[in-house]
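Overview (structure and organization)
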Amino acid sequence: LTAASATLDELKTVSRRAELSPVPAFESDASGRITWHNRAAGPMVRMAGGLGAIPGLIVSGDGASQLCASDGTRMGWGRITTVPNDNGGQLVFVEDIDAQIRAEEALDSFTSTLTDTFAHIDTALAVFDRERRLSLFNPALHDLFGLDAVGLALRPSLREFLEALRQRRMVPEQTDFAAWRQRITAAATTVSETPYEEDWPLPSGRILRVTARPHPRGAVAFVFDDISDYVTLEQRYRAEIELGHAMLERLNEGVALFDSSGRVLFTNDAFAHALRLDDLPELLLAGLDPLAVAAGESCRDSAVWQGFKAFALAAERSERWEAVAERVDGGRLVLRASAMPDGSTLLGLFDQQAT
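What you see is a predicted model; the values in this text were computed from it and never measured.

**Some remarks on the sheet that holds strand E8 (residues 196-201)**
A sheet is described by the order of its strands in space; here 5 strands give the open sequence E7-E6-E10-E9-E8, paired in antiparallel fashion. Looking at strand neighbours, the two that pair on one side only are strand E7 (134-137) and E8, the edges of this open sheet. The mean inter-strand angle of the sheet, taken between neighbouring strand axes irrespective of direction, is 20 degrees. Bridge count for strand E6 (residues 124-128) against strand E10 (residues 220-226) is 5 bridges, and the pairing is antiparallel. By the bridge assignment for E10, Leu125 is matched with Val223.

**Here we look at the packing of aromatic side chains**
Across all of its chains, the model carries 13 aromatic pairs by this definition. Taking NZ or CZ as reference, Arg317 lies 5.1 Å from the ring centre of Phe311, over its face.

**Some points on the pairing of strand E11 (residues 254-258)**
Within E11, 4 of the 5 residues are buried, which leaves the element mostly enclosed by the surrounding structure. Here E11 pairs with strand E15 (residues 345-351) via 5 bridges, running antiparallel. Bridge assignment links Val255 to a residue of E15, and that residue is Gly348. As defined by bridge partners, E11 adjoins strand E12 (residues 264-267) across 3 bridges and the pair is classed as antiparallel. Its bridge partner lying in E12, Leu257 is registered against Phe266. Count of turn residues in the E11/E12 antiparallel hairpin: 5 residues, of which Gly262 carries a positive phi of about 95 degrees.

**Here we look at the environment of Asp226**
Inspection of the secondary structure puts Asp226 in strand E10. Asp226 gets classed as partly exposed once you look at its relative accessible area, which sits at 40%. In this structure, the C-alpha to C-alpha distance between Asp226 and Gln66, residues 160 residues apart in sequence, is 48 Å. Once residues lying within four places of it in the same chain are set aside, the contact partners of Asp226 are Leu144, Arg206, Ile207 and Leu208.

**Topic: the pattern of salt bridges**
A complete count under the given rule lists 19 salt bridges for this structure. Residues Arg102 and Asp98 are paired through a salt bridge, measuring 3.4 Å at the closest nitrogen-oxygen approach. Note that Arg102 and Asp98 are positioned in helix H3 (residues 98-118) at a spacing of 4 residues, about one turn of the helix. Using a relative accessible area of 21% as the deciding quantity, one classes Asp98 as partly exposed. As a salt-bridge pair, Asp129 and Arg155 come within 2.4 Å of each other at their nearest N and O atoms. Here Asp129 is found in the loop between E6 and E7, whereas its partner Arg155 is found in the loop between helix H5 (149-153) and helix H6 (158-167), with 26 residues between them in sequence. Given the relative accessible area of 19%, Asp129 is considered buried. The partly exposed category is assigned to Arg155, whose relative accessible area is 36%. The network of salt bridges with common partners includes Asp98, Arg102 and Glu105.

**Some remarks on the environment of Met247**
You can see Met247 is positioned in helix H8 (residues 228-249). Sequence separation of Met247 and Asn268 is 21 residues, and the distance between their C-alpha atoms is 9.7 Å.

**Describing a nonpolar patch on the surface**
Taken together, Val23, Val83 and Phe93 make up a surface patch of nonpolar side chains, about 190 Å² in accessible area. Looking at where Val23 falls in the secondary structure, it is placed in the loop between helix H1 (2-20) and strand E1 (25-28). Taking the relative accessible area as the measure of exposure, Val23 reaches 31% and is therefore partly exposed.

Criteria and thresholds
- Residues numbered from 1 in each chain as written.
- Predicted model: local features only at pLDDT ≥ 70, side-chain atom pairs only at ≥ 80, totals over all residues.
- Heavy atoms only, no water.
- Pairing = 2+ DSSP bridges.
- Helix = DSSP H or I, 4+ residues; strand = E, 2+ residues; numbered from the N terminus.
- Axes fitted to C-alpha atoms, helices over the stretch in contact; angles between N-to-C directions.
- Phe/Tyr/Trp six-rings, centres within 6.5 Å; stacked < 30°, edge-to-face > 60°.
- Lys NZ or Arg CZ within 6 Å of the ring centre and 35° of its normal.
- Buried < 20%, exposed > 50% of the residue type's maximum accessible area, 1.4 Å probe, protein only.
- Contact = heavy atoms within 4.5 Å.
- Salt bridge = Lys/Arg side-chain N within 4 Å of Asp/Glu carboxyl O.
- Patch = residues over 30% accessible without salt bridge, like charges linked within 9 Å, V, L, I, M, F, W, Y side chains within 5 Å.
- Areas by Shrake-Rupley, 256 points an atom, 1.4 Å probe, with all protein chains shown as cover.

Just geometry here; none of it tells us what the structure is for.
Printed below as a string of structure tokens:
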């Protein structure tokens, strides 16, 4: 009797544990008929029509399965684990993974949308996951570097990716490539307010701008832009500006360029000689207003310089303005101003006394 009582207590304990388990559990007989279920499985049983009426609920074999009732009604996704019992049937445990499956489907759809979107972007993109393996790339990456699309689909590591670029001479030449690769990896994968950005001059003469944006959870996205044409255009533009400045410096006439707000953009040496102001550098930094006042004080009539100021700051004006200022110390200063297409004003000073 004592042994029977202990066995009964143990059975009650086991039954209570099974009833309180949050994982739905079923027991079937040899024919597949459901003969028992715990409390967590009650909603599934009620949806299916009652105990013994749901042979279609359990799909043969373990693993993730789409659950359905005998009439074909879908009941979500579950991860099924089966254990044979003594009567030829099975104990079946069903873990609810419907939310997980939905999340994975949403992630796959989102990734597919990203892939389709990035496929039409000319900028090369490579995204590495937290394990530093390539998880997403667009066709522009293959076009830019000439990498094998099949090889990229095999998800190479960041280390292997940089090595492949090195073999194709698509990275800057380095005396110590291993140290450079380690520096690039560390800089590109460190989360900071300022993302990693660097220009790579390639042996071929092309220039790539590389930007890396690490994610706090470990992923990192690389963006590769071919800026060769932009750099060439910028160098040509700078060369033209320097040539223009050199030409203006060789003129005997003083030249100054003011923007639409009166800020001084450029002056040549002859401009300083023509004005003869000791504090000219400070006046140029201060802008047109104090410059016009100081220059007007050096002339017999300050209205000439105020007239130029009005012309330079006017919203609507003629293309040219010209006046002559009489110096206090003798001589005449001829002012010729021209309105530039961008709203700036070019002023030429001709010192007749110096002539």
